[in-house]
Amino acid sequence: MSSYSYLWDGTQSGWTLLRIHRAVCAITVVFDAQGPSRQEIQVLRRTVPSWREISVRQAVRQLWGRPSVDLGEFDQRPARRLVQALESRGLRVREKVTEQTTYLPFNESGQHALIIENVGTLQKVVGEALRRGLPVRRVVI
């Protein structure tokens, strides 16, 4: 923890924690129990960028007989656009929105962030920074 003490001990000025709050939407396309029709597969391939990249044969193989397909998690605005596009083309969509809050050490003087890739280390650093009174700035995405 001592290697990150410059965040709160005053040896480097300008450090804050950005408290980033965002809503994440998991999107699932729902088909009939026997799986998607050919038309539904075509719509999915035309509408979802990741499905455009695979061949028709691969799409059929991956979807045939499946009652649903998870498209992944998206930020709220892109998720809304994707859901509207899918529904306007006749597909049934299920959404699950979750709220996520993360912290990012940010230097306001130098306008740069400290990226800590190890989640456990990041949690310890953030916990210590909060205990030491590092200022927190709220960011909503």
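In what follows, the structure referred to is the one given above.
All of the points below concern the structure found in this document. (Residues numbered from 1 in each chain as written. Predicted model: local features only at pLDDT ≥ 70, side-chain atom pairs only at ≥ 80, totals over all residues. Heavy atoms only, no water.)

Brief notes about the packing of helix 1 (residues 38–47) against helix 3 (residues 56–63)
For any two helices packed against each other, one specifies the crossing angle of their axes together with the interaxial distance. How we decide: Between N-to-C directions, angles cover 0 to 180 degrees, with each direction set by a line fitted to C-alpha atoms, over the stretch in contact for helices. A run of DSSP states H or I qualifies as a helix once it reaches four residues; a run of E qualifies as a strand once it reaches two. Both are numbered from the N-terminal end. Crossing handedness: left-handed means the near helix sits turned counterclockwise from the far one by under a right angle, and right-handed means the same turn made clockwise. Note on contacts: a residue pair qualifies if any of its non-hydrogen atoms lie within 4.5 Å across the two residues. Residue polarity follows a fixed list, in which Ala, Val, Leu, Ile, Met, Phe, Trp, Tyr, Cys and Pro are nonpolar, Asp, Glu, Lys and Arg are charged, and the others, Gly among them, are polar.
Relative to each other, helix 1 and helix 3 sit at 120 degrees, their axes nearing to 11 Å. The two elements helix 1 and helix 3 meet at a crossing, and its hand is right-handed. Of the residues in helix 3, those in contact with Ile 41, Leu 44 and Arg 45 of helix 1 are Val 56, Ala 59, Val 60 and Leu 63. Class assignment of the residues belonging to the contact of helix 1 with helix 3 gives a composition of six nonpolar, no polar and one charged.

Notes on the environment of Glu 87
With respect to the helices and strands, the residue Glu 87 is situated in helix 4 (residues 76–88). Sequence-wise, Glu 87 and Val 29 are 58 residues apart; in three dimensions their C-alpha atoms are separated by 9.5 Å. Discounting chain neighbours no more than four positions away, the residues touching Glu 87 are Arg 80 and Val 93.

Focus on the pattern of salt bridges
Rule in force here: Any carboxyl oxygen of Asp or Glu within 4 Å of a side-chain nitrogen of Lys or Arg constitutes a salt bridge here. Only protein chains enter the calculation, and the probe is 1.4 Å; a residue is then buried if its accessible area is under 20% of its type maximum, exposed if over 50%, and partly exposed in between.
A full pass over the atoms with the stated rule returns six salt bridges. Here Asp 75 makes a salt bridge to Arg 22, at a shortest N to O gap of 2.9 Å. Here Asp 75, found in strand 2 (residues 68–75), pairs with Arg 22, found in strand 1 (residues 15–30); they are 53 residues apart in sequence, far enough to count as distant. Classification of Asp 75 as partly exposed rests on a relative accessible area of 31%. Within the structure, one salt-bridge network assembled from shared partners comprises Glu 128, Arg 131 and Arg 132.

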